[in-house]
Amino acid sequence: MTRHPLDAELPQPTRTTFEVAAARNDAMRDLPMATTYLIPPIQGYDIHAKLLDEIRLAHRASSVDDWFNGRESGLRTAYRIIFGEPAP
């Protein structure tokens, strides 16, 4: 028995750039995000100790000059913003 010429599957057309991109996006959609940082996370620095040292220095200097009193206030505000509690 011979086959009819139209019984054969037609060759599949090549995939377009859009289809390739859509398939790649579908495959990567559920992957976790990359953990590369342009700016390193704050945990990489010992910011707590450095900030407390600067607050102590500004507190000592505020007895001499009022400008340092404003600096101490700013450093204490920065501490409150970063750590969520008042500076010791």
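With that settled, the discussion passes to the packing of aromatic side chains. Taken as a whole, this structure holds one aromatic pair when the rule is applied. Seen from their ring centres, Tyr-79 and Phe-83 are 4.8 Å apart, and the 45° between their planes marks the pair as tilted. Remark: Phe-83 and Tyr-79 occur in helix 3 (residues 66-83); sequence separation between them is four residues, near one turn of the helix. Here Tyr-79 falls in the buried class, since its relative accessible area comes to 2%. Judged by relative accessible area, which is 32%, Phe-83 ranks as partly exposed.

A separate point is the pattern of salt bridges. According to the stated counting rule, one finds three salt bridges in the structure shown. Note that Glu-72 and Arg-76 form a salt bridge whose closest N and O atoms lie 3.1 Å from each other. With a gap of four residues between them, Glu-72 and Arg-76 both fall in helix 3, about one helical turn apart. For Glu-72, a relative accessible area of 8% translates into the label buried. When its relative accessible area of 27% is taken as the criterion, Arg-76 is described as partly exposed.

We now examine the environment of Asp-53. With respect to the secondary-structure elements, Asp-53 resides in helix 2 (residues 47-62). The partly exposed category is assigned to Asp-53, whose relative accessible area is 41%. Looking at Asp-53, its side chain comes within polar contact range of the side chain of Arg-56, at 3.0 Å.

Here we come to helix 2. Across its 16 residues, helix 2 extends 22 Å between first and last C-alpha, which sits within 8% of the 22 Å expected from 1.5 Å per residue. For helix 2, every residue scored as buried is listed here: Leu-51, Leu-52, Ile-55, Ala-58 and Ser-62. Buried residues of helix 2 fall within an arc of 125° about the axis and therefore sit on the same side. In this structure, helix 2 carries Lys-50 and Arg-60 as exposed residues pointing more than 90 degrees from its buried face.

Parameters and conventions
- Each chain carries its own residue numbering, running from 1 in the direction its sequence is written.
- Totals for whole chains, interfaces and linings use all residues, but because this is a predicted model, local features are given only for residues with pLDDT of at least 70 and pairs of side-chain atoms are given and counted only at 80 or more.
- Side-chain measures here rest on the full set of heavy atoms in the structure, leaving out hydrogens and waters.
- Centres within 6.5 Å are what make two rings of Phe, Tyr or Trp a pair, Trp counting through its six-membered ring; a difference in plane orientation under 30 degrees is then read as stacked, over 60 as edge-to-face, and the rest as tilted.
- Going along the chain from the N terminus, every DSSP run of H or I of four or more residues is numbered as a helix, and every run of E of two or more is numbered as a strand.
- Exposure classes here rest on a 1.4 Å probe applied to the protein chains alone. A residue is buried below 20% of its type maximum, exposed above 50%, and partly exposed in between.
- Any carboxyl oxygen of Asp or Glu that lies within 4 Å of a side-chain nitrogen of Lys or Arg is treated as forming a salt bridge with it.
- The term polar contact refers here to a pair of N or O atoms within 3.5 Å; inside protein, the definition further demands a hydrogen-donor-capable atom paired with an acceptor-capable atom, and it admits residues adjacent in sequence only when both atoms are side-chain atoms.
- Here the expected span of a helix is defined as 1.5 Å times the quantity of residues minus one.
- What the arc describes is the spread of directions from the helix axis to the C-beta atoms.

Note that every value here comes from positions in space, so none of it alone points to a role or purpose.
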